[in-house]
2 protein chains.
Amino acid sequence: MAKARTATITDVARLAGVSRAAVSKVIRDAYGVSPAMRERVNGAIEQLGYRPHVAARAMRGASYTLGIELPHNISNPFFAKVLDGAMDALEGTPYQLILAPVGTGSDHGARALEALVDRQVDGIVAISPLVLPSWLERLAARTPVVMLGRHDHSVAYDTVTGDDTTGAHLVMEHIAGLGHRRIAHLTRNEETTRPSTGNPHAVRLEEYLAYMREAGLAERIRVARTGPSQEAARRDTLALLREGRPTAVFAGNDELALGAMHALSDLGISPAETSVAGYDNVEIAGHPAISLTSVDQDGVLMGRQAVRLLLERIEGRTEVTHFRVEPSLRIRSSTRPAPPDPAT
Amino acid sequence: MAKARTATITDVARLAGVSRAAVSKVIRDAYGVSPAMRERVNGAIEQLGYRPHVAARAMRGASYTLGIELPHNISNPFFAKVLDGAMDALEGTPYQLILAPVGTGSDHGARALEALVDRQVDGIVAISPLVLPSWLERLAARTPVVMLGRHDHSVAYDTVTGDDTTGAHLVMEHIAGLGHRRIAHLTRNEETTRPSTGNPHAVRLEEYLAYMREAGLAERIRVARTGPSQEAARRDTLALLREGRPTAVFAGNDELALGAMHALSDLGISPAETSVAGYDNVEIAGHPAISLTSVDQDGVLMGRQAVRLLLERIEGRTEVTHFRVEPSLRIRSSTRPAPPDPAT
DNA sequence: TTGAAAGCGCTAACAA
DNA sequence: TTGTTAGCGCTTTCAA
């Protein structure tokens, strides 16, 4: 009896009566193998149930692994959509996805990215991390990187973004068109929305501010800050409502919008009194019981496209690509005409 | 100028004036290194910004990578919770998570698991795949495996499950207690619910059937089949309602329950006419606009526990462990007293 | 406690 | 077109 080790390339070579290099070429579909040899080798592979050892391959060539850096809160269904799209694009390829959640620390995701580099990933999708562009560019010099969601147009890495300015504009136009003037914006903390980050929330906030000013509502500007979770949004909306009553709340994303709706419900405030709009158009927003007006951006497409760009890079593309997803507004019953303004 | 290669263990050894083996011992916290040497080596590591090359380590020792096999639909927030918990348990460890989505094929997830084995993962969390127990046991002989959600108690792998019989019983008891007799069960397809799979949906279905029989409602049994998505559940609930009107629907999970509620809303049927209950207690179930009665099972805990069991195994534990999460019913306004039954 | 040496399974020059 | 050879960076005996 032979040892029950798992078959290696050497075993295959021996069985097929060829060199290891020949086997290597066959499994990589490399140039310069005769059909006869290919057939013999494939026969041996099948017979032995041989599967190439990824770690060994990674030492010389590719690891066939893509890394995705993402915020810790997958519970936000938008990220789930992105992840879904990314996995989708990988189906049928030999590549696999490795996850690097950004911790709660203040490293802005640098640690998570480093963990991916340690694993010799062949490419990285980073979902709007807060690391410095310079840091990212250094990384991108060694490994293909696609930034998802962030608006800086580096020449070092590809990007996949939604047009958040347009999206936010659509929301504001819609809400203002319904007669609202006391429109509050519920968004993430200062660090996340610092303009230099190019973070989607930063861009949406900018557009909110710009729109309010242009509409002559500068003194009505009201920005409430909150955490990433629905529950945080609920609490902070409660606080917001205690300090004065906006007639509409534009939330930075649907997760926050759902929290805001929850808060309104807690206080017995109906949608007719206070409108809410979100961003991302997650599935539940379309549920009749929620019916949340939101900006649709195709998260699945974004994730898929990010991976595609990465694969293209790995195949040899060198010029930078910026892929932009068009947003579109889904108007639902959470936004209603403004009630008569007692202050006017 | 030296080449700008990234530092290897040899570089560290040279700078510290020790052998490579010594460096290896330090980075692995292995037995038999003097404090003085440790310090010297750590100094050199820091100075060079050395990071061990994971692929190289994987060739001899551990890959520091855990694999998680999951259904393709991360969009189900329950899976997101599990993933969240798993990532959580990994924080602060050198381990990373690699994703293996189960394709749409009929291999029952075997391909996905194989991809993980190719990557020499140190352990695998499998979320209730449909692969044969024998297949899994063979796998578990080589690599620690934790099965999440499946009810077979193998001696080869650990399991983390909810008590689905109890959970389903709680739902049925509650609904029946409200006076309902025409209770339908909305669940996944036959393949998924085949009893031998030990799948949670299979167990919930069993309990539904058992309860109905024991309550003398055998002839009222009504099982509707559907896909995993909300939209599929909506369509199939519409069909269900067209063929007779149950007064309550017990859905196999919240995703299906939301689809059922959507269908009821489409037809203008109020919760007072037809009750709905789900399973998983996803976050949105607690939202006042949804207010879905559901069985809470702590997905985050389950994911975290699965990874913990894996790490324990890797550290050397040999006896099998079965971790069970207790379910508890969250009663909300989606379940109401049964309307008077015209058929009675 | 430390180091020397062998080799994990694969790929990439290069030679035949 | 095929094979030979030399490692990739690390861990692991085993000897000093």
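Trainee: So what's going on with the overall build of chain A? Residues and values would help.
Mentor: Across its full length, chain A holds 13 helices and 12 strands. For chain A, the C-alpha radius of gyration of 25 Å lies well beyond 20 Å, the compact-globule estimate for 344 residues. Seen through its principal axes, chain A has C-alpha atoms that stretch 90 × 40 × 35 Å. The burial tally for chain A puts 55% of its 344 residues in the buried class.

Trainee: Outline the protein's contact with DNA strand C, supporting the account with residue identities and numerical values.
Mentor: Close to DNA strand C lie 27 residues; A:Ile9, A:Arg20, A:Tyr50, B:Ser34 and B:Arg60 are nearest. Here the atoms of DNA strand C within 4 Å of the protein split so that 58% fall in sugar or phosphate, with bases taking the remainder. The side chain of B:Lys25 places a nitrogen or oxygen atom 3.2 Å from a base oxygen of DNA strand C. No other element matches the five residues that helix α2 (residues 20-28) of chain A contributes to the surface near DNA strand C. Split by residue class, the surface near DNA strand C holds 13 nonpolar, six polar and eight charged.

Trainee: Go over the packing of helix α11 (residues 230-242) of chain A against helix α12 (residues 254-266) of chain A with me, naming the residues and quoting the values.
Mentor: Residue and element names in this part refer to chain A. Packing of α11 against α12 brings their axes to within 7 Å, and their N-to-C directions diverge by 50 degrees. On the basis of their axis angle, the class for α11 and α12 is oblique. In this structure, the crossing between α11 and α12 has a hand that is right-handed. Between α11 and α12, the residues in contact are Gln-230, Ala-233, Arg-234, Thr-237, Leu-238 and Leu-241 and Glu-255, Leu-256, Leu-258, Gly-259, Ala-260, His-262, Ala-263, Leu-264 and Asp-266, respectively.

Trainee: Can you tell me about the interface of chain B and chain A, naming the residues and giving the values?
Mentor: On the chain A side, the residues contacting the 52 residues of chain B number 53 residues. Buried area between chain B and chain A, both sides added, is near 4300 Å², and the carbon and sulfur share of it is 59%. If you look at where chain B meets chain A, you find four salt bridges. Residues A:Glu114 and B:Arg51 are paired through a salt bridge, measuring 3.7 Å at the closest nitrogen-oxygen approach. Our enumeration of links across chain B and chain A arrives at 18 residue pairs in polar contact (both at pLDDT 80 or more). Where the side of chain B that touches chain A is concerned, the elements lending two or more residues are α4 (54-60), β1 (65-70), α5 (77-90), β2 (96-101), α6 (110-118), α11 (230-242) and α12 (254-266) of chain B. Looking at the side of chain B that touches chain A element by element, the count peaks at six residues for β2(B).

Trainee: Residue-level account of the protein's contact with DNA strand D, with values.
Mentor: With respect to spatial proximity, 27 residues lie near DNA strand D, and among them A:Ser34, A:Arg60, B:Ile9, B:Arg20 and B:Tyr50 are the closest. For DNA strand D, the backbone portion of the atoms within 4 Å of the protein, that is sugar and phosphate, comes to 56%. Between DNA strand D and B:Ser24, the relevant distance is 2.8 Å, taken from a phosphate oxygen to a side-chain nitrogen or oxygen of the residue. At the level of secondary structure, the elements contributing two or more residues to the surface near DNA strand D comprise α2 and α4 (54-60) of chain A together with α2 (20-28) and α4 of chain B. For the surface near DNA strand D, the residue count by class is 13 nonpolar, six polar and eight charged.

Trainee: Tell me what's going on with the domain arrangement of chain A, and back it up with residues and numbers.
Mentor: Partitioning chain A into structural domains gives domain 1 (9-52), domain 2 (60-162 + 299-327) and domain 3 (164-296). Put simply, the middle of domain 1 of chain A and the middle of domain 3 of chain A, counted by C-alpha atoms, are 59 Å apart.

Trainee: Could you give an account of the relation of the copies chain B and chain A, naming the residues involved and the relevant values?
Mentor: Expressed as a screw transformation, the operator carrying chain B onto chain A has a rotation angle of 180 degrees and an axial translation of 0.0 Å, and the superposed copies differ by an RMSD of 0.1 Å. These values place the two chain copies in the arrangement generated by a two-fold rotation axis. No C-alpha of chain B approaches the rotation axis more nearly than that of B:Ile98, which lies at 2.0 Å.

Trainee: Pulling in residues and values, what's your account of unusual backbone geometry?
Mentor: Note: most peptide bonds trans; most residues except glycine with negative phi. Residue and element names in this part refer to chain A. Unusually for a residue other than glycine, Asp-29 sits at a positive phi of about 55 degrees. Structurally, Asp-29 can be placed in the loop between α2 and α3 (35-48). One non-glycine residue with positive phi stands out, namely Asp-280, at about 120 degrees. Given the relative accessible area of 3%, Asp-280 is considered buried.

Trainee: Any details on the packing of aromatic side chains? Residues and values, ideally.
Mentor: Following the criterion strictly, the structure yields four aromatic pairs over all chains and no others. Directly above the ring of A:Tyr279 sits A:Arg204, whose terminal nitrogen or CZ lies 3.6 Å from the centroid.

Trainee: Just give me the short version of the pairing of strand β8 (residues 248-251) of chain B, but keep the residues and values in it.
Mentor: Residue and element names in this part refer to chain B. Of the two faces of β8, the one lined by Ala-248 and Phe-250 and the one lined by Val-249 and Ala-251 are each fully buried. As judged from the four bridges shared by strand β6 (residues 183-187) and β8, these two strands associate in the parallel manner. Paired with His-185 across the strands is Phe-250, a residue of β8. Both β8 and strand β9 (residues 275-280) contribute to a ladder of three bridges, which runs parallel. Along β9, the bridge assignment pairs Ala-248 with Ser-275.

Trainee: Could you give an account of the environment of A:Gly123, naming the residues involved and the relevant values?
Mentor: All names here are of chain A. Structurally, Gly-123 can be placed in strand β3 (residues 123-127). You can call Gly-123 buried: its relative accessible area is 0%. Measuring from C-alpha to C-alpha, the distance between Gly-123 and Ile-68 comes to 8.6 Å, with 55 residues separating the pair along the chain. Residue contacts for Gly-123: discarding those within four places in its chain leaves Thr-65, Leu-66, Gly-67, Thr-143, Pro-144 and Leu-310.

Trainee: Which residues make up helix α7 (residues 133-142) of chain A, and what values go with them?
Mentor: Residues and elements named next belong to chain A. Among all positions in α7, only Leu-136, Leu-139 and Ala-140 are buried. Projected onto a plane normal to the axis of α7, the buried residues spread over an arc of 100 degrees and lie on a single side. For α7, the exposed residues set more than 90 degrees away from the buried face come down to Arg-138, Ala-141 and Arg-142. The secondary structure elements touched by the buried residues of α7 are α6 (110-118), β3 and β4 (145-148).

Trainee: Talk me through the sheet that holds strand β6 (residues 183-187) of chain A; I want residue IDs and the actual numbers.
Mentor: Residue and element names in this part refer to chain A. Read from one edge to the other, the open sheet built from four strands follows the order β7-β6-β8-β9, with strand pairing classed as parallel. Pairing within the sheet leaves two strands with one partner each, and these edge strands are β7 (222-225) and β9 (275-277). On average, each strand axis in the sheet is inclined to that of its neighbour by 20 degrees, with strand direction left out of account. Contacts between helix α8 (residues 164-177) and the sheet are confined to β6, β8 (248-251) and β9, with β8 contributing the most and set at about 170 degrees to the helix. Against the sheet, α12 touches β6, β8 and β9, its axis set at about 165 degrees to β9.

Criteria and thresholds
- Residues numbered from 1 in each chain as written.
- Chains lettered and ligands numbered in written order.
- Predicted model: local features only at pLDDT ≥ 70, side-chain atom pairs only at ≥ 80, totals over all residues.
- Heavy atoms only, no water.
- Helix = DSSP H or I, 4+ residues; strand = E, 2+ residues; numbered from the N terminus.
- Rg over C-alpha atoms; globule rule 2.2 N^0.38 Å.
- Buried < 20%, exposed > 50% of the residue type's maximum accessible area, 1.4 Å probe, protein only.
- Near = heavy atom within 4 Å.
- Polar contact = N/O pair within 3.5 Å; in protein donor to acceptor, adjacent residues only side chain to side chain.
- Nonpolar A, V, L, I, M, F, W, Y, C, P; charged D, E, K, R; others polar.
- Axes fitted to C-alpha atoms, helices over the stretch in contact; angles between N-to-C directions.
- Parallel < 35°, antiparallel > 145°, perpendicular 65-115°, else oblique.
- Left-handed = near helix turned anticlockwise from the far one by under 90°.
- Contact = heavy atoms within 4.5 Å.
- Buried area = accessible area lost by both parts, 1.4 Å probe.
- Salt bridge = Lys/Arg side-chain N within 4 Å of Asp/Glu carboxyl O.
- Domains from an automatic or database assignment.
- Least-squares fit on C-alpha atoms with pLDDT ≥ 70 in both.
- Phe/Tyr/Trp six-rings, centres within 6.5 Å; stacked < 30°, edge-to-face > 60°.
- Lys NZ or Arg CZ within 6 Å of the ring centre and 35° of its normal.
- Pairing = 2+ DSSP bridges.
- Arc of directions from axis to C-beta.

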